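Chain by chain, the residues:
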Amino acid sequence: MTQNVKKKVKELLESGKIKGFLGLCQKNGHIGPHLFCDPDDLESMVLGDEERPGDSRYPLNKLLIHIARSYPDETFGVLVRGCDERGLKTLYTWNQLNPDKVIPVGVACPQELADACECLRPYPEEFVEGERAEERSSASVTKISGLDVKDRFTSWMKEFARCIKCYGCRDICPMCFCNECSLEAEELIHTGELPPEIPIFHLVRAVHMAGRCIDCGLCNEVCPADIPLRTLYKKVADIIDEEFNYRPGYSEGKSPLNILGSAAEE
Amino acid sequence: MGDCHYLYGNVATEKRVRFLKKLLAFSGIEEERLRCKWVSSAEASEFVEEMQDFTETLRALGPSPLKQAGAQRAA
């Protein structure tokens, strides 16, 4: 399954178009992010499908921000699924990455993964591996919306109550690039008790996902308490789309909630 | 709109409130508990009227689910 990606990366590295390729490698039985710099050393490259498709995903575009900052003059390649590409596009609009210095190499997700993710677009614009799977709508959001208001509250509180405040959702999020995080502001967030103050802790994060979340679902995967954060943020994205006709990673331009620059004055 | 002491403050607020009302509803908190009205400091009677109306709305809704959840935790 990786032949086409390897071939493409080899070409890019040999031609000197990229300094390195940020992808995934399998070593000692584990899959993890890896920066491939040698065109003759791509043997360990994998796409992150261990037991099931896409079960070993990483926020590669988030890691790329750090690499690009250390080597601002270099161009890097990066492995992208549909969601990662949406992430790149959104990070460009927030000036976290320079599109001229990034060459994405795309893979399309198999149907099984698209179904599990309820993904609106399980493929990047261009891809060298895989086939275009069918888009899926958000059944999980519809399910919660169908409850009456009291049951919605009870259901979310039950989920949030399991939170161990590990910050995993924020730490893995490719859209969480702020230097200072409200969720760590002592004036707003009490320390020393579990769960954190609910539902505020989770709703604060949900608000900050407005105009940002590109629905990669890594938060949901990483959550040790299995809180369905993805469903919450899917709804956040739906609201922004309904109200402002903007969906991060799908629409062009900046978030309608961006208070810097012209977006705020429109 | 836009004619705000804080420049585009009311524009940003209007957007956030539109978003928040729907997020609250999805989270199980009645969206009527959030209200945004523009009242200038010279319009005291409008402010009073609005607040009385809002108070009635909240009274009809009963105690906030957040308050009940907080009480349960404290107990």
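It should be emphasised that the depicted structure is a prediction, and the values quoted were computed from it without experimental measurement. (Residues numbered from 1 in each chain as written. Chains lettered and ligands numbered in written order. Predicted model: local features only at pLDDT ≥ 70, side-chain atom pairs only at ≥ 80, totals over all residues. Heavy atoms only, no water.)

Caption draft 1: Just the overall build of chain A, in detail. A tally of helices and strands in chain A yields ten helices and five strands. The C-alpha radius of gyration computed for chain A amounts to 19 Å, which stays within 12% of the reference 18 Å derived for 266 residues, consistent with globular compactness. Its C-alpha atoms give chain A principal-axis dimensions of about 60 × 45 × 40 Å. Here chain A holds 266 residues, and 53% of them are scored as buried. Contacts in chain A between residues at least 24 apart in sequence constitute 63% of all its contacts with a sequence separation of at least 6. Surface exposure of chain A reaches about 13,300 Å², of which carbon and sulfur atoms provide 49%. For chain A, the separation between the mean place of its 32 positive charges and that of its 44 negative charges on side chains is 1 Å. (Helix = DSSP H or I, 4+ residues; strand = E, 2+ residues; numbered from the N terminus. Rg over C-alpha atoms; globule rule 2.2 N^0.38 Å. Buried < 20%, exposed > 50% of the residue type's maximum accessible area, 1.4 Å probe, protein only. Contact = heavy atoms within 4.5 Å. Areas by Shrake-Rupley, 256 points an atom, 1.4 Å probe, with all protein chains shown as cover. Lys, Arg positive; Asp, Glu negative; His and termini not counted. Charge placed at Lys NZ, Arg CZ, Asp CG, Glu CD.)

Caption draft 2: The arrangement of the environment of A:Ala210 in detail. Inspection of the secondary structure assignment puts A:Ala210 in the loop between α8 (200-208) and α9 (218-222). Each C-alpha atom, one on A:Ala210 and one on A:Ile198, is 19 Å from the other, the two residues being twelve residues apart in sequence. Among all residues touching A:Ala210, those that are not within four sequence positions of it are A:Val236, A:Ile240, A:Ser255, A:Leu257 and B:Phe19.

Caption draft 3: Here's a closer look at the side chain of A:Arg212. Residue and element names in this part refer to chain A. With respect to the secondary-structure elements, arginine 212 resides in the loop between α8 and α9. A distance of 3.0 Å separates a polar side-chain atom of arginine 212 from the backbone oxygen of methionine 175. Residues in contact with arginine 212, not counting those within four places in the same chain, are Thr90, Trp94, Met175, Phe177, Cys178 and Pro248. (Polar contact = N/O pair within 3.5 Å; in protein donor to acceptor, adjacent residues only side chain to side chain.)

Caption draft 4: Fine view of the interface of chain B and chain A. Taken together, the 20 residues of chain B in the interface contact 35 residues of chain A. Together chain B and chain A conceal approximately 2,400 Å² of surface at their shared face, both sides included; 69% is due to carbon and sulfur atoms. The interface formed by chain B and chain A contains three salt bridges. One salt bridge connects A:Glu243 with B:Lys22, and the closest N-O pair in it is separated by 2.9 Å. Looking at the side of chain B that touches chain A, the elements that each hand over two or more residues are α1 (9-27) and α3 (65-74) of chain B. (Buried area = accessible area lost by both parts, 1.4 Å probe. Salt bridge = Lys/Arg side-chain N within 4 Å of Asp/Glu carboxyl O.)

Caption draft 5: Summary view of the packing of α8(A) against α1(B). Relative orientation of the contacting elements α8(A) and α1(B) amounts to 140 degrees, with a least axis distance of 11 Å. Judged on the interaxial angle alone, α1(B) and α8(A) are oblique. Seen along the crossing, α8(A) lies across α1(B) with a hand that is right-handed. Of the residues in α1(B), those in contact with A:Leu203, A:Ala206 and A:Val207 of α8(A) are B:Phe19, B:Leu20, B:Leu23 and B:Ser27. Along the lines of polarity and charge, the residues of the contact of α8(A) with α1(B) split into six nonpolar, one polar and no charged. (Axes fitted to C-alpha atoms, helices over the stretch in contact; angles between N-to-C directions. Parallel < 35°, antiparallel > 145°, perpendicular 65-115°, else oblique. Left-handed = near helix turned anticlockwise from the far one by under 90°. Nonpolar A, V, L, I, M, F, W, Y, C, P; charged D, E, K, R; others polar.)

Caption draft 6: Representation of the packing of helix α10 (residues 229-244) of chain A against α1(B). One way to put it is that α10(A) packs onto α1(B) with a least axis distance of 10 Å and a crossing angle of 140 degrees. Between α10(A) and α1(B), the angle falls in the class oblique. Helix-helix and strand crossings are classified by hand; for α10(A) and α1(B) the assignment is right-handed. Contact residues: α10(A) offers A:Thr231, A:Leu232, A:Lys235, A:Val236, A:Ile239, A:Ile240, A:Glu242, A:Glu243 and A:Phe244, while α1(B) offers B:Lys15, B:Arg18, B:Phe19, B:Lys22, B:Leu23 and B:Phe26. Tallied by class, the residues present in the contact of α10(A) with α1(B) amount to eight nonpolar, one polar and six charged.

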